[in-house]
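# Structural description and commentary
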Amino acid sequence: MRVLIAGADGYIGWSLAQHLARRGHTVGGIDALLRRGWVAEVGSVSAIPIAPLPERLAAFEEHFGDPMPFHELDLRNHEALGAALRAFEPEVVVHLAECPSAPYSMVDFQHADFVQTNNVSGTLSLLFAMRDHCPEAHLIKLGTMGEYGTPNVDIPEGFFEIEYRGRRDTMPFPRQAGSWYHWSKVFDSQNVAFACRLWGLRATDVMQGVVYGALTEEDSRLNTRLDFDEVFGTALNRFCCQAVIGRPLTPYGQGGQSRGFLSLADSLQCLTLAAENPPEHGEYRVFNQLRDVLSVRDLVRLVRDAGAGLGLDVQLKPVDNPRLEAEHHYYRPDADKLRRLGFTPSLPIEEELPVMIHRLLPYRDRISAHADRLLPTVSWRDGRAPHWETP
Ligand code: USQ
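Residues numbered from 1 in each chain as written. Predicted model: local features only at pLDDT ≥ 70, side-chain atom pairs only at ≥ 80, totals over all residues. Heavy atoms only, no water.

### As for empty space enclosed by the protein
For the structure on display, the rule yields one cavity of 30 Å³ or more. In this structure, the largest cavity occupies an estimated 40 Å³ of space. Lining the largest cavity, in full, are Pro103, Glu230, Tyr252, Pro322, Arg323, Pro376, Val378 and Trp380. Residue composition of the lining of the largest cavity, grouped by class: six nonpolar, no polar and two charged. (1 Å grid on protein atoms, 1.4 Å probe; cavity = no way out; pocket = protein on both sides within 12 Å on 5 of 7 lines; lining within 4 Å. Points joined across faces, edges and corners; volume = space filled by probe spheres on them. Nonpolar A, V, L, I, M, F, W, Y, C, P; charged D, E, K, R; others polar.)

### Concerning the site of the ligand
Every one of the 22 residues lining the ligand counts as a neighbour, but Pro100, Tyr181, Ala235, Thr250 and Glu325 are closest to it. Arg238 places a side-chain nitrogen or oxygen 2.9 Å from an oxygen atom of the ligand. Contacts to the ligand include Tyr252, whose backbone N or O atom sits 2.8 Å from an oxygen atom. Considering the ligand on its own, with 730 Å² of exposed area, one finds that the protein chains cover 93% of that surface. Only helix H7 (180-199) and helix H8 (235-244) provide two or more residues apiece to the shell around the ligand. Per-element tally for the shell around the ligand: the top contributor is H8, with three residues. Classifying every residue of the shell around the ligand gives 10 nonpolar, eight polar and four charged. (Near = heavy atom within 4 Å. Polar contact = N/O pair within 3.5 Å; in protein donor to acceptor, adjacent residues only side chain to side chain. Areas by Shrake-Rupley, 256 points an atom, 1.4 Å probe, with all protein chains shown as cover. Helix = DSSP H or I, 4+ residues; strand = E, 2+ residues; numbered from the N terminus.)

### A short note on the environment of Leu299
Along the polypeptide, Leu299 turns up in helix H10 (residues 296-309). Judged by its relative accessible area of 0%, Leu299 falls in the buried class. Sequence separation of Leu299 and Asn118 is 181 residues, and the distance between their C-alpha atoms is 31 Å. (Buried < 20%, exposed > 50% of the residue type's maximum accessible area, 1.4 Å probe, protein only.)

### Comments concerning the packing of helix H2 (residues 34-41) against helix H6 (residues 109-133)
Contact pair H2 / H6: the axes reach a minimum separation of 15 Å and the direction vectors enclose 165 degrees. As judged from the angle between their axes, H2 and H6 are roughly antiparallel. Considering the relative orientation of H2 and H6, their crossing is left-handed. Residues Leu34, Trp38 and Glu41 of H2 pack against His111, Phe114 and Asn118 of H6. Of the residues belonging to the contact of H2 with H6, the class tally is three nonpolar, two polar and one charged. (Axes fitted to C-alpha atoms, helices over the stretch in contact; angles between N-to-C directions. Parallel < 35°, antiparallel > 145°, perpendicular 65-115°, else oblique. Left-handed = near helix turned anticlockwise from the far one by under 90°. Contact = heavy atoms within 4.5 Å.)

As structure tokens, then:
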């Protein structure tokens, strides 16, 4: 299949491009390289060094035989996006080209506005461009489990049956997001569903949990990034980096917050399954994409055990929760659709974490040099803007 990845320079996108090429798909890329700038803005770096884009593309061609047609552009550049779609003629468009950080969106008005404009307007531009240039193509849109929040009932995959005043209907499950970023994903979901209804586009909206892990590539130019700072690092990746440099793990608040988690390898497998099993024309389907439901306390225990197995003395230092979120709650999401398509989870988390920590050990000094970026400064409550200084 001809698969165009928007966000091909990112954590998931760069790995997905390689995974799809290995499976024989023809891969194209779009990216405005914004993530590199955002992480620099918060004064941090990827724990695992990543190559500049031209080196990445050269390595891709050497290893996979064909060059990756690549367009360095912002999805909101609607004309250029249309030209890229016409040139590549995708059968599948995987949309990962959004700002993925809840803390970044909570800094101040400018950051909230940027995240929502970038994400919602970029997706709208893509929907119109697909209508005009590749209406048959399948859109795989990366949403987030955080769209649902943490309701006190089970979470279905997108829709649920409801009886109200004696009448029944199937309706979208309520969204109760917890950051301006997560709300941008909710707005995207509504727009994607509407475009399917309006124009007969077909789409898979992926409610993904928190992704963790680092892959080992045969060529360092093929490495994907792994962020650990308070803004772009996700919980398990941060905890593993903290363990590697002997800094205490930072569970927020009481640590009873539960989320869905999956490894990067599992995320690639799931996105590939979605691509290779497209929905019907006009269909808007929703997958919950996660493997394990874990609390922050579970994460701490898992990283401690994994570190101990590698001879690391892993400490923890709970910090006041900078976020507004439930710290004790019910959490039971369905995640059956991908399993029915054949998702077979790879390594269990107890085995994956030692691999990740081992992979990070050579980058101790690099992480240590930015250790002050590990502690949270962005507060959900008072909206104080942090003063990030590039070291
Ligand atoms: N947390 C800690 N200590 C830390 C960092 C995080 O206790 O040092 C806690 C947070 O309070 C939260 C949980 O860990 O309860 C997850 O936080 P996170 O930063 O790993 O994830 P989140 O902000 O929810 O966002 C990440 C990705 C986002 C994706 C989302 C999936 O950045 O792009 O949409 O995970 S989900 O969480 O299911 O909404």
